[in-house]
Amino acid sequence: MPTILGQNQYGKAENRVVKITRDGDTHHIKDLNVSVALSGDMDDVHYSGSNANVLPTDTTKNTVFAFAKEHGIESAEQFGIHLARHFVSSQEPIKVARIRIEEYAWERIATSDGNSKFIGADDVKHSFVRKGQETRTTQITFDGEKWEVISGLKDLSVMNSTNSEFWGYVKDKYTTLKEAYDRILATDVSAKWRYNWTSDEERMPNWEKSYEQTRKHMLQAFAETYSLSLQQTLYQMGSRIINSRSEIDEIRFSLPNNHHFLVDLEPFGLKNDNEVYFAADRPYGLIEATVLRDGVEPKIPVDMTNL
């Protein structure tokens, strides 16, 4: 049976680049994991093995590190835009470049006060501790004319210890779950949001401010929603972001319901008044949905694992 070549791409995955910016004695860190995927006129290399149109993946790796020096890293999005534009504009066979970036945040270590017995402790501005919260993500796709920027985060662990209920659900002969009128609501937020910036003719968003504000609205909505279901909380989080950030048209969430079950302490003669819980890591409910600006077509893939 004859065969033909389908969609294909190639590149160098997970290039770990750390950029130190030295502002006198004060240093700043950008820590990225950059993956490059290129596609275009690549039939020959698959059919005959001809590498005439192939930019080596090692070259894409080198480009990532060189661009960190030449352009700096203002933001993950801006760095990805520089890379995508370069690959499409400099190599005629390459028609589409997709850059995926994870950013690992660091914060400055607070040192002793000026009266410390340690010499120079008040002048230390180059020591950092890795933040143990979310990982920031972005995906930049460029076809020579249009941009698509999908940013997000993953592994942002949040919890409400009250103001959450779950009752009135469908029950059948296999239902054993008891209705809850005061429960813990906990999840590890994975979210992707799509910017409506698509052209060099348009004003580019302030990527750093947009991320900070999107994260802020996400957390505030989680904290301020009296939840009757995780689905309700998800929708409130997405709506708050869409209504507050005009540069974002679409956001998709994947929220595991990290169950916390009350422990039966009666065998020990103790009353458990919503105080002691067993945190179950699996199985877990998984709630996923997209929230859109009215009139906008969804473009973020439903299966976020393929993003």
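Residues numbered from 1 in each chain as written. Predicted model: local features only at pLDDT ≥ 70, side-chain atom pairs only at ≥ 80, totals over all residues. Heavy atoms only, no water.

Draft legend 1. Highlighting the packing of aromatic side chains. This structure, assessed with the given rule, holds seven aromatic pairs. Note on phenylalanine 166 and tyrosine 169: the rings are 4.8 Å apart at their centroids and 20 degrees apart in plane angle, and the pair reads as stacked. Ring geometry for tyrosine 195 versus tryptophan 207: centroids 4.9 Å apart, planes at 90 degrees, classification edge-to-face. Separated by 12 residues along the polypeptide, tyrosine 195 in strand β8 (residues 185-195) and tryptophan 207 in helix α4 (residues 207-224) bring together distant segments of the chain. Cluster of aromatic residues (ring-pair linked, three or more members): Phe142, Trp147, Tyr195, Trp197 and Trp207. Across from the ring centre of tyrosine 211, 4.4 Å away, lies the NZ or CZ of arginine 136, which sits over that ring. A cation over an aromatic ring shows up here: lysine 171 above the ring of tyrosine 169, its NZ or CZ 4.6 Å from the ring centre. (Phe/Tyr/Trp six-rings, centres within 6.5 Å; stacked < 30°, edge-to-face > 60°. Helix = DSSP H or I, 4+ residues; strand = E, 2+ residues; numbered from the N terminus. Lys NZ or Arg CZ within 6 Å of the ring centre and 35° of its normal.)

Draft legend 2. Inspection of a nonpolar patch on the surface at higher detail. A cluster of nonpolar residues, Trp167, Tyr181, Tyr226 and Leu228, forms a patch on the protein surface that exposes about 430 Å² of accessible area. Examined against the element boundaries, leucine 228 turns out to sit in the loop between α4 and α5 (230-244). Take leucine 228: its relative accessible area is 41%, and that puts it in the partly exposed class. (Patch = residues over 30% accessible without salt bridge, like charges linked within 9 Å, V, L, I, M, F, W, Y side chains within 5 Å. Areas by Shrake-Rupley, 256 points an atom, 1.4 Å probe, with all protein chains shown as cover. Salt bridge = Lys/Arg side-chain N within 4 Å of Asp/Glu carboxyl O. Buried < 20%, exposed > 50% of the residue type's maximum accessible area, 1.4 Å probe, protein only.)

Draft legend 3. Looking closely at the pairing of strand β6 (residues 135-142). Among the eight residues of β6, eight are classified as buried, and the element is accordingly described as predominantly covered. Residues Thr135, Thr137, Gln139 and Thr141 line one face of β6 and the alternating positions Arg136, Thr138, Ile140 and Phe142 line the opposite face, and both faces are buried. Across eight bridges, the pairing between β6 and strand β7 (residues 147-160) is antiparallel. Within β7, the position partnered with isoleucine 140 by the bridge is valine 149. Hairpin connection, β6 to β7: the antiparallel pair is bridged by four residues, and glycine 144 has positive phi, about 95 degrees. (Pairing = 2+ DSSP bridges.)

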